[in-house]
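Okay, here's what each chain looks like letter by letter:
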Amino acid sequence: MPVPLERRRVIARRLHKDEVHDRLLAAIVSGDLPAGSRLRDADLEAWSGVSRTPIRTALVRLERIGLVEAAPQRWTRVARLRPAVVPDLVVALCSLWRDLPRAGRGLLSPARSRDARRSLARCADALAAFRESPSPGVVESRAVVDAAFACVAHLEGDGLPEVTEQLLRDLGARLRHQAAALGRGLDVGPLAACLDEVDAAVRAGDPRLLRSALDGLARRTAASRLALEAPRSSWWRR
């Protein structure tokens, strides 16, 4: 498993399971732990400086949200890439995001408007770089996904119910893991169209326009589902 060789600071004891979970999640989402990487207890113990119990607890939590997969008594690894799940994750998140816009809050907050539009502009730049590349790879697709989620952070804002916040975090992490590594297989068309609509909604401060933009993203993503389908290997190939 390609865990970092240097040992990080020892985690405060009362936060073992939570901080191990958060650090593993961040490493998976960022690509530091690529899809398919084996996760061995001994490696993780040396990396984190904690015992096996909180590590296993963290891995079970990550398995529940689809970032880790395991075969009992055989292996535990970072979830493999499954391009076909990306449209479903986008549609599911859009159904949650569309209920968040409120006049004067999040993306539509006058105090956040400038920062929000800067994030939208950076996302547009990442999309342009992706489209202009003759052979976009993981670096380009990850840049698009990271920029898009920087915009999502403005949309989600603060003060969400804990259950909603956790669900958005879990689904978002799984989407980032799956979509960022698609390279040229990332379908950026629906996102590009959505960005223009979101920008118009931010300038107008109109939650109805923002909900309409998110509904459009879900609709266009569902329509382009077949373009993201990839042949799946046989179940017995590991």
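Before reading on, note that the structure itself is shown above.
Description of the structure in this document. Keep in mind that this is a model prediction, so the values were computed, not measured.

**Details of the packing of aromatic side chains**
Using the criterion set out here, one finds one aromatic pair in the structure. Taking the centre distance of 6.3 Å and the plane angle of 70° together, the rings of Trp 97 and Phe 149 count as edge-to-face. Within this pair, whereas Trp 97 is found in helix α4 (residues 85–97), its partner Phe 149 is found in helix α6 (residues 138–156), the two being separated by 52 residues in sequence. Here Trp 97 matches Phe 149 in class, with each residue buried. In this arrangement the basic side chain of Arg 23 is found over the ring face of Trp 47, its NZ or CZ atom lying 4.9 Å from the centre. Sitting over the ring of Trp 75, Arg 77 keeps its end group 3.8 Å from the ring centre.

**A closer look at helix α2 (residues 41–48)**
Of all the positions in α2, only Asp 41, Leu 44, Trp 47 and Ser 48 are classed as buried. With its buried residues spanning 130° around the axis, α2 presents them on a single face. Looking at the buried positions of α2, the neighbouring elements they touch are α1 (16–30) and α3 (52–64). Immediately beyond the C-terminal end of α2, within one or two residues, lies Gly 49, with a positive phi of roughly 75°.

**Points about the packing of α1 against α2**
Contact geometry for α1 and α2: axes closest at 12 Å, N-to-C directions at 105°. Here α1 lies roughly perpendicular to α2, going by the angle between them. For the pair α1 and α2, contact is made by Val 20, Arg 23 and Leu 24 and by Leu 44, Trp 47 and Ser 48, respectively.

**What about the nonpolar core?**
Counting 44 residues, the largest nonpolar core has Trp 97, Val 144, Leu 175, Leu 186 and Val 198 as the members making the most contacts within it. Once you skip the residues sitting within four places of it in the chain, Val 198 turns out to touch Leu 107, Leu 120, Leu 210 and Ala 213. In this structure, Val 20, Ala 27, Ile 65 and Val 68 belong to the second largest nonpolar core, which totals 20 residues.

What counts as what
Residues numbered from 1 in each chain as written. Predicted model: local features only at pLDDT ≥ 70, side-chain atom pairs only at ≥ 80, totals over all residues. Heavy atoms only, no water. Phe/Tyr/Trp six-rings, centres within 6.5 Å; stacked < 30°, edge-to-face > 60°. Helix = DSSP H or I, 4+ residues; strand = E, 2+ residues; numbered from the N terminus. Buried < 20%, exposed > 50% of the residue type's maximum accessible area, 1.4 Å probe, protein only. Lys NZ or Arg CZ within 6 Å of the ring centre and 35° of its normal. Arc of directions from axis to C-beta. Contact = heavy atoms within 4.5 Å. Axes fitted to C-alpha atoms, helices over the stretch in contact; angles between N-to-C directions. Parallel < 35°, antiparallel > 145°, perpendicular 65-115°, else oblique. Core = buried A, V, L, I, M, F, W, Y, C linked by side-chain atoms within 4.5 Å.

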